[in-house]
Amino acid sequence: MEDRVFKTEVFGCRFHLGQAWFRKIQNIGYASQFNSVDDVGKWLIHIFGLSFLNPEEVKDCFTDNFMADKPDNSAITEFCDYLIDNYITNNSIFPPKIWAKQSSDRIHKTNACESFHSDLNSNFYHQHPHIFKIIEILKLFQVNTYIKIRITEIKNMPKKNFINQKIKKYSTKQINQYDYVKAISFKNKPHKI
């Protein structure tokens, strides 16, 4: 049993990581600047591309590229300190090995799991429902899940292809690390402000 438990890989969700970072952006008063086309807005958006790097690349990319390109601003410095303390270094509360992965897989999002759990619970009105009711609901969920998977695959194909194309260019050294992170960041930024 211990072999299974200790070999478990724990990883975070890109969606929730983005939400945490965006809440901090709101906290420092830069929510309106987030979608602007000025240097501060672009820099803030580009940060969201860090989750598409391999964990061992995050710290160097942040310190070598983002800190060198950082707008000279006390609020942005506060945001950088927040990222370093909580996410960037290996001894952070949430180190890169938990949230960074060079992949276009949606595996780093847990919203589907949370949604499934919530929907499943909403179909039961008793603590101990009848077995036939459970089976009926699970069959409906199976059909709905097949439909959702197919629709999601079709809908997300352009985004996934774009990400895979950028990963390939970065892996084959056609683009540098910072350009890769900046290009891919727009596919991971929070959209609802």
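Since the model is a prediction, treat every value here as computed from it, not as a measurement. Within any chain, residue numbers begin from 1 and follow the written order of that chain's sequence. With the structure being a predicted model, the display of local features is reserved for residues of pLDDT at least 70 and the display and counting of side-chain atom pairs for 80 or more, all residues being used for whole-chain, interface and lining totals. Hydrogens are left out, water is left out, and the side-chain values use all remaining heavy atoms of the structure.

Novice: Can you explain the packing of aromatic side chains? Please cite residues and give values.
Specialist: Stacked, tilted and edge-to-face are the three classes applied to pairs of Phe, Tyr and Trp rings, where Trp contributes its six-membered ring and a pair requires centres within 6.5 Å; stacked means planes under 30 degrees apart, edge-to-face means over 60, and tilted covers the rest. Taken as a whole and assessed by the stated rule, the structure comprises 12 aromatic pairs. Considering the side-chain rings of Trp21 and Trp99, the 5.4 Å spacing of their centres and the 80 degrees angle between planes classify their relative orientation as edge-to-face. Remark: Trp99 occurs in helix α7 (residues 96–99) and Trp21 occurs in helix α2 (residues 14–27); sequence separation between them is 78 residues. Measuring from centroid to centroid gives 5.1 Å for Phe66 and Tyr178, while their planes differ by 85 degrees, and the two rings are edge-to-face. Separated by 112 residues along the polypeptide, Phe66 in helix α5 (residues 55–69) and Tyr178 in helix α10 (residues 177–185) bring together distant segments of the chain. Exposure is judged per residue with a 1.4 Å probe applied to protein chains only, and the accessible area is read against the type maximum: over 50% gives exposed, under 20% gives buried, and values in between give partly exposed. Overall, the relative accessible area of 0% leaves Phe66 in the buried class. Counting from the N terminus, the helices are the DSSP runs of H or I reaching at least four residues and the strands are the DSSP runs of E reaching at least two.

Novice: Report on the packing of α5 against helix α6 (residues 74–88), specifying residues and quantitative values.
Specialist: The N-to-C vectors of α5 and α6 enclose an angle of 170 degrees; their axes lie 12 Å apart at closest approach. Taken together, α5 and α6 sit at an angle that is classed as roughly antiparallel. Contacts between α5 and α6 pair Val58, Lys59, Phe62 and Met67 from the former with Cys80, Leu83, Ile84 and Ile88 from the latter. Classification convention: Asp, Glu, Lys, Arg as charged; Ala, Val, Leu, Ile, Met, Phe, Trp, Tyr, Cys, Pro as nonpolar; all other residues, Gly among them, as polar. Partitioned by chemical class, the residues of the contact of α5 with α6 number 7 nonpolar, no polar and 1 charged. An axis is simply a line fitted to the C-alpha atoms; with a helix, the fit covers only the stretch in contact. Between two such axes, the angle follows the N-to-C directions and lies from 0 to 180 degrees. Roughly parallel means an angle under 35 degrees; roughly antiparallel means over 145; roughly perpendicular covers 65 to 115; every other angle is labelled oblique. Contacts are assigned to residue pairs that have any heavy atoms within 4.5 Å of one another.

Novice: Requested: an account of unusual backbone geometry, with residues and values cited.
Specialist: Across residues other than glycine, the phi torsion is negative in most instances, and most of the peptide bonds are trans. If you check the backbone angles, Lys173 has positive phi at about 65 degrees while not being a glycine. Relative to the helices and strands, Lys173 is located in the loop between α9 (131–171) and α10. Using a relative accessible area of 73% as the deciding quantity, one classes Lys173 as exposed.

Novice: Give me the side chain of Ser185: which residues, what numbers.
Specialist: Within the secondary structure, Ser185 sits in helix α10. Judged by its relative accessible area of 0%, Ser185 falls in the buried class. The definition of a polar contact used here is a pair of N or O atoms within 3.5 Å, where within protein one atom must be able to donate a hydrogen and the other to accept one, and adjacent residues in sequence count solely through side-chain atom pairs. From its side chain, Ser185 meets the backbone oxygen of Lys182 in a polar contact 2.7 Å long. Excluding residues within four positions of it along the chain, Ser185 makes contact with Ile45, His46, Phe48 and Gly49.

Novice: Summarise the nonpolar core; cite the residues concerned and give the values.
Specialist: Side-chain atoms within 4.5 Å link the members of a nonpolar core, which is a set of buried Ala, Val, Leu, Ile, Met, Phe, Trp, Tyr and Cys residues. Core analysis: the largest hydrophobic core is formed by 38 residues, its most contacted members being Trp21, Leu50 and Phe79. When contributions to this core are tallied by element, the ones reaching two or more residues are α2, α4 (39–47), α5, α6, α9 and α10. Per-element tally for this core: the top contributor is α6, with 8 residues. Excluding anything up to four places from it in sequence, Trp21 contacts Ile47, Phe48, Leu50, Phe79, Tyr82, Leu83, Tyr87 and Trp99.

Honestly, that's just the spatial picture; any functional story needs more than this.
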